[in-house]
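Summary of structural features
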Amino acid sequence: MIDNTPFLLTFFTPWEFSWLVSGSCAAAVVLYLRGLSRGADAGFARSLVFLLGVVLMYLVTQTHFDYWSQYMFFVHRGQHLVLHHLAPFLIALAAPGAVLAAGMPEAIKRWYARQSGLRRILTAAYRFIQQPFLASILFVGLIAFWLTPEIHFDAMLSERLYWIMNWSMALDGLLFWWLMLADTRDRITPQLSYGVRMLLLAAIMVPQIIIGARLAFSKQVIFDVYAVCGRAWPISPLTDQQLGGLITWIPAAMMSVVAALILLRRLLHSQSGNRAAAQETLCNE
Amino acid sequence: MKNPILRLAILSFTLFTAACQQSAEWHGKDISGLMPDLQFELVNDRGESVNEADYAGKVSLLFFGFTYCPDICPTTLAQLAAAIRNLPEDVQQQVQVLFISVDPARDNGERLSQYAGAFGEQVAGLSGSQEQLQTLTRRYRVTYGYGEADENGDYNVSHSSAVFAFDNTGRVRLLIREDLSAAQIADDLQKLLKG
């Protein structure tokens, strides 16, 4: 659309403002900074990675980027790449649990400490959903679910379903990458072995490649909702779909490789750490 | 974080109910309640400001396009005109097509009037300022955009291909996609006219 307002102002004005999204992002940042100021130690790099993840989530949902995502298939795939892969990956990589807990107001912490029943239920539910098989099925299942043509049509047409879709992607992304990148300091998330994690990371690549390649190579327009609602600017529907397919296929699958490399590095560190510790023990004897 | 199982349950429930709302008796997609009722501030082909009250009392078919449109607009408008001609003569006047040009820079009143008139007397050509058009397209979760102009100053316009159907009280009822035949659209119009 034509607009005479300055580009930056247009860009940073939320297309559809959501208290829940803006509030959650703001709360995450405030809690984190409060945790840091109370002495929780995260280091500069980890803090930066966490804040970057939260800011990315905000940028793709509460700016003009959201408008493009609603009216252009490939931008929508980019939005989900950030919501389901990149941003939750960064947040999980920063392992912000301890800092966020330190930033929590005392009253809430005291209240939660007293709720042993609630805590047990939440922990059990969390561990249930974080079973390796279920977590992977959920991760690729959600991608396939929202890309089912009839469901995709309704989700893009109805504002309520649209938000449910984006929330489900972001929350599932957080769950999955949290499970993959959890370190030993995390006492609640199931600690999967490095082997199982690598296997899951490889397993989720395959369906993502199939879904993405199918979109990229299709000679037919699969999602007509973008024609029905109009595109943000004139572009051939097939080009739009091919770009969307490539985004679903390549960078999404690459995230598994990046995660695997990080895990490999941790594995090597822990082994050399073990060897160093073993040598130290020997020397002391 | 909210209980993920609960989240899934809510999700599947919402989708289930959304799927159930799709009544099988329509050829178009039933969007009752999904979108707001008919409301607009626009300019007609004589340059006068108009709103939904000026078009009240009829079944309305809302369609966005532009008169230089090479394919979708003429096809769709011809389809709608054919559907109206399929109706019994006494009810043809109870249906109107609101063709809204999202290209006001090129579509002046005269052009709009000629273009819309070519598809029949039930087709009204409307347009408005960018602000008015944006308010209306946002209301129905559709959009439009302009391509780069070539050396002759011609440019393409992306717009919604859907027709939104409202009953004679202005309530939103159906989304009519391109793939419906004139007979199917006429069938839906008959049902809409009955209430």
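Just above sits the structure.
Residues numbered from 1 in each chain as written. Chains lettered and ligands numbered in written order. Predicted model: local features only at pLDDT ≥ 70, side-chain atom pairs only at ≥ 80, totals over all residues. Heavy atoms only, no water.

1. Notes on the overall build of chain A
We apply this condition: Helix and strand definitions follow DSSP, with helices as H or I runs of at least four residues and strands as E runs of at least two, each counted in order from the N terminus. Classification of residues uses two cut-offs on accessible area relative to the type maximum, computed with a 1.4 Å probe and protein chains only: under 20% is buried, over 50% is exposed, and between them is partly exposed. The criterion used for residue contact is that any of the two residues' heavy atoms lie within 4.5 Å. Accessible surface is estimated by sampling points in the Shrake-Rupley manner with a 1.4 Å probe; for residues, cover comes only from the protein chains shown.
Counting secondary structure elements, chain A contains 14 helices and zero strands. Along chain A, from the amino end to the carboxyl end, the secondary structure elements read α-α-α-α-α-α-α-α-α-α-α-α-α-α. Summarising its shape, the C-alpha atoms of chain A cover approximately 75 × 40 × 40 Å along the three principal directions. Looking at chain A residue by residue over its 285 residues, the buried ones come to 46%. Sequence-distant contacts in chain A: of pairs separated by 6 or more residues, those separated by 24 or more amount to 77%. For chain A, the accessible surface area stands at approximately 13900 Å², while carbon and sulfur atoms represent 71% of it.

2. Considering the nonpolar core
Quick note on the threshold: Working definition of a nonpolar core: buried Ala, Val, Leu, Ile, Met, Phe, Trp, Tyr and Cys residues. They are joined through side-chain atoms within 4.5 Å.
Membership of the largest hydrophobic core comes to 128 residues, with the highest contact counts inside it found for Trp177(A), Met180(A), Phe40(B), Leu61(B), Leu62(B), Phe164(B) and Leu189(B). In terms of residue count, helix α11 (residues 159–181) of chain A provides more of this core than any other element does, 12 residues in total. When near neighbours in sequence (up to four residues on either side) are disregarded, Trp177(A) contacts His84(A), His85(A), Pro88(A), Phe89(A), Ala92(A), Phe139(A), Leu201(A), Met255(A), Ser256(A) and Ala259(A).

3. A word on unusual backbone geometry
Although it is not a glycine, Ala95(A) sits at a positive phi angle of roughly 40°. The residue Ala95(A) is located in the loop between α5 (73–93) and α6 (97–103) in this model. Although it is not a glycine, Arg141(B) sits at a positive phi angle of roughly 50°. Relative to the helices and strands, Arg141(B) is located in the loop between α5 (130–139) and β7 (145–146). Look at Arg141(B) and you get buried, because its relative accessible area is 8%.

4. Quick word on helix α2 (residues 72–85) of chain B
Given 3.6 residues to a turn, an α-helix orients residues that are three or four positions apart in the same direction. Here is the rule we go by: A helix is expected to span 1.5 Å for every residue after the first.
With 14 residues, α2(B) extends 20 Å between its outermost C-alpha atoms, agreeing within 8% with the 20 Å of an ideal straight helix rising 1.5 Å per residue. Among all positions in α2(B), only Cys73(B), Thr76(B), Leu77(B), Leu80(B), Ala81(B), Ala82(B), Ala83(B) and Ile84(B) are buried.

5. Details of the pairing of strand β5 (residues 95–101) of chain B
All names here are of chain B. Condition: Being paired, for any two strands, means DSSP has found at least two bridges between them. We call a crossover right-handed when, viewed with both strands directed away from the observer, the connection leading from the first strand over the helix to the second proceeds clockwise.
Within β5, seven of the seven residues are buried, which leaves the element mostly enclosed by the surrounding structure. A two-sided burial pattern is seen for β5, the buried positions comprising Val95, Val97, Phe99 and Ser101 on one face and Gln96, Leu98 and Ile100 on the other. Bridge count for strand β4 (residues 59–65) against β5 is seven bridges, and the pairing is parallel. Residue Phe64 lies in a different strand from β5, and its bridge partner there is Ile100. In this structure, β5 lies alongside strand β6 (residues 123–127), joined through four bridges in parallel fashion. Across the sheet, Leu98 pairs through a bridge with Ala124, a residue of β6. In the classification by handedness, the crossover that spans β5, the intervening helix α4 (residues 109–117) and the parallel β6 is right-handed.

6. What to know about the interface of chain A and chain B
Heads up, the condition is: For any pair of parts, buried area is found by adding up, for both, the accessible area (1.4 Å probe) each one loses once the two are put together. In protein, a polar contact requires one atom able to donate a hydrogen and another able to accept it; more generally it is a pair of N or O atoms within 3.5 Å, and residues adjacent in sequence count only if both atoms are side-chain atoms. By the convention adopted, Pro, Cys, Tyr, Trp, Phe, Met, Ile, Leu, Val and Ala count as nonpolar, Lys, Arg, Asp and Glu as charged, and the other residues, Gly among them, as polar.
Contact with chain A, which involves 37 residues of that partner, is made by 33 residues of chain B. Between chain A and chain B lies a buried interface of about 3200 Å² when both sides are counted; carbon and sulfur atoms form 66% of it. For the interface between chain A and chain B, the tally reads 15 residue pairs in polar contact (both at pLDDT 80 or more). Within the residue set of the side of chain A that touches chain B, elements represented by two or more residues are α4 (64–71), α8 (116–129), α9 (132–146), α10 (149–157), α11 and α13 (225–229) of chain A. A total of nine residues in the side of chain A that touches chain B trace back to one element, the largest contributor, which is α11(A). Residue composition of the side of chain A that touches chain B, grouped by class: 26 nonpolar, four polar and seven charged.

7. Comments concerning empty space enclosed by the protein
Residue and element names in this part refer to chain A. Rule in force here: Think of a 1 Å grid over the protein atoms and nothing else: a 1.4 Å probe that fits but is trapped marks a cavity, an open set flanked by protein within 12 Å on at least five of seven lines marks a pocket, and residues with an atom within 4 Å of a point count as lining. Grid points are joined across faces, edges and corners, and a volume is the space filled by probe spheres set on the points.
All chains considered together, the criterion is met by two cavities of 30 Å³ or more. Here the largest cavity is characterised by a volume of approximately 70 Å³. Surrounding the largest cavity, Arg77, His80, Leu81, His84, His85, Ile143, Met169, Gln208, Ile247, Thr248 and Ala252 form its lining. Breaking the lining of the largest cavity down by element, the ones donating at least two residues are α5 and α14 (237–284). Here the lining of the largest cavity takes five residues from α5, the largest share from any one element.

8. Describing the side chain of Asp183(A)
Residue and element names in this part refer to chain A. Its location among the elements puts Asp183 in the loop between α11 and α12 (194–217). What makes Asp183 buried here is its relative accessible area of 18%. Separated by 2.5 Å, the side chains of Asp183 and Arg185 make a polar contact. Discounting chain neighbours no more than four positions away, the residues touching Asp183 are Ala95, Gln191 and Arg266.

9. Observations regarding the sheet that holds strand β1 (residues 29–30) of chain B
Residue and element names in this part refer to chain B. The condition is simple: Axis geometry follows a simple rule: fit a line to the C-alpha atoms, using only the stretch in contact for helices, then measure angles between N-to-C directions, giving values from 0 to 180 degrees.
Strand order in this open sheet of eight strands is β1-β10-β9-β4-β5-β6-β2-β3, and the pairing throughout is mixed. Strand pairing shows two members of the sheet lacking a second neighbour, β1 and β3 (49–51), which therefore form its edges. In this fold α5 packs onto β2 (41–44), β4, β5 and β6, with an angle of close to 125° to the strand it touches most, β2.

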